[in-house]
Amino acid sequence: MNKAENKLIIIVAPSGAGKSTLIKKIHKDFEAIKESVSFTTRKMRPGDIEGVSYFFISKEEFQEKIKNDDFLEWAQVHSNYYGTSKSFIKKQLDIGHTILLDIDTQGADALKNIYHDRAKAIFICPPSIEELEKRLVFRGSDSIEIIKERINNAKKELLKKDCYDYLVVNDNLETAYDKLKIIITEILHKK
Ligand code: ADP
Ligand code: 5GP
């Protein structure tokens, strides 16, 4: 549908805000945008696909990759490690693709420092912490302990919601997606 340009679109959101749901819709409408596949040490969840959701590796393998300077950025999130592959991003940008990244606030800050205005960060915000907790419980993919950890993390991440290029509140899914679609179209067409 849209001709991809050589940019990075970073989607930042607390876990449970609806980021994956919105990203699935983006892929349907913007087929030319490539998504970065990160490396992680977290355990696979039901529905995860190796090499699509993430490359799932051990802590030792992750340390080795840090040593080899394989990551553009990496961070510890919810007790696990996550890292963006330097070679993937370089290759896709060289081809001329726009890349979509689903990373946390630390990763977004790191990539903005590297790519400046070429990287645009969109913060997806839940309507409230109570609604966020409901969504995480409803999703049913995490234990109560993990949900508590994610909620605590979300409170910290929400303090940074106005620090990015765009903010979308995911209250009603269709309204939020309409807003996101307008933002992405604008990013793709801006010089
Ligand atoms: P994230 O990727 O940010 O962790 P998900 O996309 O997995 O979040 O969404 C968390 C849960 O909330 C899922 O069960 C999803 O279906 C649901 N959800 C997403 N957006 C909305 C919305 N606008 N209203 C209600 N539920 C939503
Ligand atoms: P999840 O385990 O729910 O898939 O992801 C947990 C968090 O890690 C999310 O906020 C997600 O955006 C973030 N994340 C995923 N990949 C990366 C990455 O490569 N770098 C950073 N900094 N965060 C990531």
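The rules behind these values
Positions within a chain are numbered from 1, following the residues in the order the chain's sequence is written. Labels follow written order: the first chain is A, the first ligand is 1, and so on. It should be noted that, the model being predicted, local features are given only for residues of pLDDT at least 70 and side-chain atom pairs only at 80 or more, the latter also being counted only at that level, while totals for whole chains, interfaces and linings use all residues. Side-chain metrics in this entry use all non-hydrogen atoms of the structure; hydrogen atoms and water are not considered. Nearness here has a simple test: a residue counts as near a molecule or strand if at least one of its heavy atoms is within 4 Å of that partner. Polar contacts, as used here, are pairs of N or O atoms within 3.5 Å; protein pairs need one atom able to donate a hydrogen and one able to accept it. Residues neighboring in sequence count only if both atoms are side-chain atoms. Computed with a 1.4 Å probe, the accessible areas rest on the Shrake-Rupley method; for each residue, only the protein chains presented here act as cover. Secondary structure elements follow DSSP: runs of H or I of four or more residues count as helices, runs of E of two or more count as strands, with numbering from the N terminus. Throughout this description, buried means an accessible area under 20% of the type-specific maximum (1.4 Å probe, protein chains only), exposed means over 50%, and partly exposed covers the range between. Each direction from the helix axis to a C-beta atom contributes to the arc, which is the arc of those directions. Here, residues are in contact when the closest pair of their heavy atoms is within 4.5 Å. Should DSSP find at least two bridges between two strands, the strands are regarded as paired. Lines fitted to the C-alpha atoms define the axes, with helices restricted to the stretch that makes contact. Angles between their N-to-C directions range from 0 to 180 degrees.

Caption draft 1: Region of interest: the site of ligand 1. Taken together, 14 residues form the shell around ligand 1, and within it G16, K19, S20, T21 and R139 come nearest. Contact distances for ligand 1 include 2.4 Å between an oxygen atom and a side-chain N or O atom of S20. Within the side chain of N170, one N or O atom sits 2.8 Å away from a nitrogen atom of ligand 1. Summarising the interface, the protein chains cover 78% of the accessible area of ligand 1, which totals 570 Å² for the free molecule. Mapped onto the shell around ligand 1, the elements with two or more residues apiece are α1 (19-29) and α5 (129-139).

Caption draft 2: Structural detail: helix α3 (residues 86-95). Within α3, burial applies to I89, Q92 and L93. Down the axis of α3, the buried set is contained in an arc of 100 degrees. They therefore lie on one face. Residues of α3 that are exposed and point over 90 degrees away from its buried face: S87, K91, D94 and I95. For α3, the elements touching its buried residues are β1 (8-12), β2 (34-35), β5 (71-77), β6 (80-85), β7 (99-102) and α4 (105-115). Phi turns positive one or two residues past the end of α3, at G96, with a value near 105 degrees.

Caption draft 3: Seen up close, the sheet that holds β5. Reading across the sheet, the four strands line up as β4-β3-β6-β5 and stay open at both edges, with mixed pairing between neighbours. Of all the strands in the sheet, just β4 (55-56) and β5 have a single pairing partner and so form its edges. Pairing analysis gives two bridges linking strand β3 (residues 39-40) to β4, with the strands arranged parallel. Note that in β4 the partner of F39 across the bridge is F55. In the packing of helix α2 (residues 59-67) onto the sheet, the strands contacted are β3, β5 and β6, and the crossing angle to β5 comes to about 140 degrees.

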